[in-house]
Amino acid sequence: MMPYSQVMCRNLLLNAIGFMVLLTSFPMIVQSAPSISSPVAFSLRLQPGDCHENVRLLGALRLANITVDDQTLGGLSGLAWDNDAGLLYALADNAQLFQLSPVFNGGHLTAVQVVAAHQLRDRNNRPLTPPWADAEGLAIANGANGVPGDSRLAVSFERKPRVVWYTPTGKRLAEEILPPVLQNITRYAGPNKALEALAFHPRWGLITAPEMAMRDDSARHIPLVALGRQARSWSYPLASAANSALVGMDVFPDGDLLTLERAFVSPLAPLIITLRRTELKSIDSLTVTDVAVFNNSQGWILDNFEGLAHHRKQRFFMISDDNRRASQQTLLVYFAVLDAQRTSCLSP
């Protein structure tokens, strides 16, 4: 989570222009969108179906700050896809859990509906409150095993660093044991720089990571830590953009990670979002390659993207945390990662 508003005035203008572009280019999509979401142009140069570097754009939506089940949508920092239930779970940084139903047309994301909302609860079934409610990362187990109703959600937290399992309705199940290096908040770069990213790997189990390097570690490397019996860690090198931070990750079908980095320096400097592919080696080494870089000084409509979720095959969702500020917005972007030959891209 970013403590201050990160959106420049020029971004607000770009958003307005981009929406007008989309209205003229894709009228049928706009007409079919429900009130919870409205289509936006993720880029002023490219349209849904076009490619940028090694991704194919498949739709972008702005989500409204509606209230459902007494929970107001906003501040979303984590995503997880439940294939068995057909639901996209979205985690808010005040420990709210939203169940979303995405709508597709021709393989493109065209709308989203909110199904339900729940508050994460403690061992006494009471709603989490600060500082225990600073939820950031979200991962899912049993979401694609063909057995509806047995999904479990893991949540990572800042300020009080921990990883806890919940039901899809927010009931607490169990807490993971963290290695000593992750237990003490004073070891992190700051109280708001703790366990930001989380993913469930088919081989290594839960993998979590802080937003920025730990104190006394190299400023350009983040520890990726696998929890449980196969506990191990990898040193993840951040992208070259100034002030890059690891804010989200999920897993490809082949076991590689797709990682999401946000680079913010000041409101007067470009906001840069980077997607990278990470191959984890069993000998505690890894290989990281860039997938795509989005820079808002180059016509991309960006905000504080923090959440990432694998959908199906090579397709992913990405969501932004609006920090519950009127100057920011919740953007949900849908895209496919291309192979090296870009054979799945129909546009140049």
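Criteria and thresholds
Residues numbered from 1 in each chain as written. Predicted model: local features only at pLDDT ≥ 70, side-chain atom pairs only at ≥ 80, totals over all residues. Heavy atoms only, no water. Pairing = 2+ DSSP bridges. Helix = DSSP H or I, 4+ residues; strand = E, 2+ residues; numbered from the N terminus. Axes fitted to C-alpha atoms, helices over the stretch in contact; angles between N-to-C directions. Core = buried A, V, L, I, M, F, W, Y, C linked by side-chain atoms within 4.5 Å. Buried < 20%, exposed > 50% of the residue type's maximum accessible area, 1.4 Å probe, protein only. Phe/Tyr/Trp six-rings, centres within 6.5 Å; stacked < 30°, edge-to-face > 60°. Lys NZ or Arg CZ within 6 Å of the ring centre and 35° of its normal. Salt bridge = Lys/Arg side-chain N within 4 Å of Asp/Glu carboxyl O.

Undergrad: Can you lay out the sheet that holds strand S13 (residues 172–175) for me, pointing to particular residues and giving the numbers?
TA: One open sheet holds the four strands; their spatial order is S10-S11-S12-S13, and the pairing between them is antiparallel. Each of the sheet's edge strands pairs with one partner strand only, and the pair in question is strand S10 (135–141) and S13. Sheet twist, expressed as the average angle between the axes of neighbouring strands with direction ignored, equals 30°. Both strand S11 (residues 152–157) and strand S12 (residues 163–166) contribute to a ladder of four bridges, which runs antiparallel. Directly across from Ser 156, in S12, lies its bridge partner Val 163.

Undergrad: Which residues make up the nonpolar core, and what are the values?
TA: In terms of nonpolar packing, the biggest core is built from 28 residues, with Phe 42, Leu 258, Leu 275, Phe 294, Phe 305, Met 318 and Phe 335 touching the most fellow members. Here this core takes four residues from strand S24 (residues 330–337), the largest share from any one element. With 24 residues, the next largest nonpolar core counts Ile 36, Val 68, Leu 79 and Ala 92 among its residues.

Undergrad: Account for the packing of aromatic side chains, naming residues and giving values.
TA: If you walk through the whole model with that rule in mind, you get twelve aromatic pairs. Grouped by ring-pair contacts, the aromatic residues Phe 42, Phe 294, Trp 300 and Phe 305 constitute a single cluster. A cation over a ring is seen here: Arg 152 above Trp 165, with NZ or CZ 4.1 Å from the ring centre.

Undergrad: Residues and numbers for unusual backbone geometry, please.
TA: With an omega of 0°, the peptide bond running from Pro 130 to Pro 131 counts as cis. Along the chain, Pro 131 falls in the loop between strand S9 (108–119) and S10. A positive phi angle is found at Asp 70, which is not glycine, with a value near 65°. Its location among the elements puts Asp 70 in the loop between strand S4 (67–68) and strand S5 (71–72). Residue Ala 95 is not a glycine yet carries a positive backbone phi of 70°. With respect to the helices and strands, the residue Ala 95 is situated in the loop between strand S7 (87–92) and strand S8 (96–105).

Undergrad: Describe the pattern of salt bridges, listing the residues and the values that go with them.
TA: Close approach of charged atoms allows side chains of opposite charge to pair. Here the structure, examined in full by the defined rule, presents eleven salt bridges. Salt-bridge contacts for Arg 262 lead to Glu 211; the nearest nitrogen and oxygen are separated by 2.7 Å. One end of the pair, Arg 262, is in strand S19 (residues 257–263); the other, Glu 211, is in the loop between strand S15 (205–210) and strand S16 (221–226), and 51 residues separate them in sequence. For the pair Arg 262 and Glu 211, one class covers both residues: buried. Arg 276 is the partner of Glu 261 in a salt bridge, and the nearest nitrogen-oxygen pair spans 2.9 Å. Of the two residues, Glu 261 is situated in strand S19 and Arg 276 in strand S20 (residues 272–280); the sequence distance between them amounts to 15 residues. When sorted by exposure, Glu 261 lands in the same class as Arg 276, which is buried. What emerges from the salt-bridge pattern is a single network uniting Lys 193, Glu 211, Arg 262 and Glu 306.

Undergrad: Can you break down the pairing of strand S21 (residues 286–295) residue by residue, with the values?
TA: Pairing analysis gives nine bridges linking S20 to S21, with the strands arranged antiparallel. Note that in S21 the partner of Thr 278 across the bridge is Val 288. Between S20 and S21, which pair antiparallel in sequence order, lie five residues; one of them, Asp 284, sits at a positive phi of approximately 65°.

Undergrad: So what's going on with the pairing of S16? Residues and values would help.
TA: In terms of burial, S16 is a largely internal element, five of the six residues being buried. Relative to S16, S15 runs antiparallel, the two sharing two bridges. Bridging across to S16, Thr 208 finds its partner in Val 225. Of the strand pairs in this sheet, S16 and strand S17 (residues 232–237) are connected by six bridges, and their pairing is antiparallel. Bridged to Ala 226 within S17 is Arg 232.

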